[in-house]
Amino acid sequence: MMLLLLNHRAFMAAPLRSIKRALSSTSSALKWEGGISMVQGASRGIGLEFVKQLLKKNEKGHVIATCRNPDGATALRDLKNEFPERLNILQLDLTIESTIEKASASSIRERYGSLNLLINASGILSIPNVLQPDQSFIDQFFECPTSKLSCEDTCDPRSTHLILYKHRELASSRASTETTLTKVQKSSLLLAYEVNAVGPILVIKHMWPLLKAGGGSGTERDVAVVANLSARVGSIGDNRLGGWHSYRSSKAALNQLTKTVSVEFAQKKDPVICLLLHPGTVDTDLSRPFQRNVPEGKLFTKEFSVNNLLSIINDAKSHDNGKFFAWDGQEIPW
């Protein structure tokens, strides 16, 4: 009789534990009113501006800001002092997948349990003496009325130094000015591809379970959103001038990878959509060396560009999944 009673108690305990776990999971999801947003590449430029506007425009939302070197991210630390309860800064290096896994599994899942928005903001256009479009060629983009050049946020220069350390053969080579096919180097192509295409997709891969868990809960959207910063020069249909082989091809690869991910999300009926966003030519450290011939009114402030991009994100619906938008809401051809 005693054995039967013990077995009965054990039987009852198992479903009770399951119910408690379910209630705990539900309450965790409900308590994040305003949603949970993650900005990858948040130490400066457009990424930092995304963090600022997400915190200031949504008084209840929480933001996770990631960068390679949080200790050196002075502006992020200042924001942390201003928003101590709603901003969480994590270390993440796009070129080291284990840091992405750590940010996802060990930190975000344990603290929040879900995500509603993922913005991949980092990328590289040029690195002195390694990956460098020629200035005279850049001028053609700004002067040609049929072309629009994108200059979005890059990795922190300290991150670039790390990448160069990992690619020693690049650091010792001469600058590759990609004005012609004869200037194309394998090392430059691979470096741009690793940072601009591979890294963001790996971030999505590891944040996917969190995005599925979050969906649109706590926000005014029906779905979670993945927003990858791309560039108009990554459009094959819009390519009229050629050049910029490494940067163009890496952004085209990002577009294709993001589109492919968006198809899988739709097939699995996950409450997640993917967007590709072109921020326009923005006044950041990335574009500063190349601003000489930018037409008047075409060089945007970070505040203007990010405000427009956030409007696109916040208005996104399920039917926008896999689309490529410019800062003004116009679709860009593939």
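Cut-off values and rules
- Residues numbered from 1 in each chain as written.
- Predicted model: local features only at pLDDT ≥ 70, side-chain atom pairs only at ≥ 80, totals over all residues.
- Heavy atoms only, no water.
- Helix = DSSP H or I, 4+ residues; strand = E, 2+ residues; numbered from the N terminus.
- Buried < 20%, exposed > 50% of the residue type's maximum accessible area, 1.4 Å probe, protein only.
- Contact = heavy atoms within 4.5 Å.
- Areas by Shrake-Rupley, 256 points an atom, 1.4 Å probe, with all protein chains shown as cover.
- Pairing = 2+ DSSP bridges.
- Right-handed = clockwise from strand over helix to strand, strands pointing away.
- Axes fitted to C-alpha atoms, helices over the stretch in contact; angles between N-to-C directions.
- Phe/Tyr/Trp six-rings, centres within 6.5 Å; stacked < 30°, edge-to-face > 60°.
- Lys NZ or Arg CZ within 6 Å of the ring centre and 35° of its normal.
- Parallel < 35°, antiparallel > 145°, perpendicular 65-115°, else oblique.
- Nonpolar A, V, L, I, M, F, W, Y, C, P; charged D, E, K, R; others polar.
- pLDDT = per-residue confidence, 0-100.
- Core = buried A, V, L, I, M, F, W, Y, C linked by side-chain atoms within 4.5 Å.

Visitor: Where do I start with the overall build of the protein chain in this structure?
Guide: Scanning the protein chain for helices and strands turns up ten helices and nine strands. Expressed as a percentage of its 334 residues, the buried residues of the protein chain come to 51%. The long-range fraction of contacts in the protein chain, counting pairs at least 24 apart against all pairs at least 6 apart in sequence, stands at 77%. Split by element, the accessible area of the protein chain, about 15700 Å² in all, is 54% carbon and sulfur.

Visitor: Just to check I follow, could you spell out the pairing of strand β6 (residues 272-278) for this structure?
Guide: A regular strand carries its side chains on alternate faces of the sheet. When you tally the buried positions in β6, you get seven out of seven residues, the bulk of the element. Of the two faces of β6, the one lined by Val272, Cys274, Leu276 and His278 and the one lined by Ile273, Leu275 and Leu277 are each fully buried. For strand β5 (residues 224-229) and β6, the ladder comprises six bridges, and the chain directions are parallel. Bridge assignment links leucine 229 to a residue of β6, and that residue is leucine 277. Handedness of the β5-helix α9 (residues 245-267)-β6 crossover: right-handed. Here β6 pairs with strand β9 (residues 323-326) via four bridges, running parallel. Bridging across to β9, leucine 275 finds its partner in lysine 323.

Visitor: Please explain the sheet that holds strand β2 (residues 62-67) as it appears in this structure.
Guide: Within a sheet, neighbouring strands are paired by backbone hydrogen bonds and run either parallel or antiparallel to one another. Strands sit in the order β3-β2-β1-β4-β5-β6-β9 across an open sheet of seven strands; the sheet is parallel. Edge positions in the open sheet fall to β3 (87-91) and β9, since each of these has one partner strand only. Going across the sheet, the axis of each strand differs from the next one's by a mean of 20°, ignoring polarity. Sheet contacts for helix α2 (residues 45-57): β1 (36-40), β2, β3, β4 (117-120) and β5; angle to β1, the most-contacted strand, approximately 165°. Helix-sheet contacts for helix α10 (residues 302-314) involve β4, β5, β6 and β9, and the interaxial angle to β6 is about 155°.

Visitor: Help me understand unusual backbone geometry in this model?
Guide: Trans peptide bonds make up the majority, and among non-glycine residues the majority have a negative phi. Notably, tryptophan 244 is not glycine yet its phi reads approximately 55°, a positive angle. The class of tryptophan 244 is buried, set by a relative accessible area of 1%. Even without being glycine, lysine 269 reaches a positive phi, approximately 60°. Note on lysine 269: relative accessible area 73%, which makes it exposed.

Visitor: What exactly am I supposed to notice about the packing of aromatic side chains here?
Guide: Two descriptors summarise a pair of aromatic rings, namely the distance from one centre to the other and the angle between the planes of the rings. Within the structure shown, the criterion is met by seven aromatic pairs. Between the aromatic rings of tryptophan 244 and tyrosine 247, the centroid separation amounts to 5.8 Å while the plane-to-plane angle is 65°, which identifies the pairing as edge-to-face. Judged by its relative accessible area of 3%, tyrosine 247 is buried. One aromatic cluster in this structure is built from Phe300, Phe304 and Trp327. Lysine 212 extends its terminal NZ or CZ atom over the ring of tryptophan 208, reaching a point 4.9 Å from the ring centre.

Visitor: Help me understand the packing of α2 against helix α3 (residues 74-82), please; the structure alone is not making it clear to me.
Guide: Helix packing for two helices is described by the angle between their axes and how far apart those axes are. Following both chains from N to C, one finds α2 and α3 inclined at 10°, their axes separated by 11 Å at the closest point. In terms of orientation, α2 and α3 fall into the roughly parallel class. Taking contact as the criterion, the partners of Leu48, Val51, Lys52 and Lys56 in α2 are, on α3, Ala75, Leu76, Leu79 and Glu82. Residues that form the contact of α2 with α3 fall into these classes: five nonpolar, no polar and three charged.

Visitor: So what exactly am I meant to see when it comes to the confidence of the model for the protein chain here?
Guide: Where the model shows low pLDDT, its predicted coordinates should not be examined in detail. Predicted confidence across the protein chain gives a mean pLDDT of 80, with 71% of residues reaching 70 or more. Counting interchain partners and residues more than four positions distant, the pLDDT-below-50 stretch residues 18-30 has one contact. pLDDT under 50 marks residues 135-176. Its contacts with residues more than four places away, or in other chains, come to 121 contacts.

Visitor: What is the right way to look at the nonpolar core in this model?
Guide: Nonpolar side chains in soluble globular proteins tend to be buried together. Counting 37 residues, the largest nonpolar core has Met38, Ile108, Leu115 and Met207 as the members making the most contacts within it. Elements that contribute at least two residues to this core include exactly β1, α4 (97-111), α8 (186-214), β5, α9, β6 and β9. It is α8 that contributes the most residues to this core, eleven residues altogether. Every residue in contact with methionine 207, bar those within four places of it in the chain, is listed here: Met38, Ile100, Ala103, Ser104, Ile108, Leu115 and Leu118. One finds Val39, Val223, Val306 and Phe325 within the second-largest nonpolar core, a separate group that totals 34 residues.

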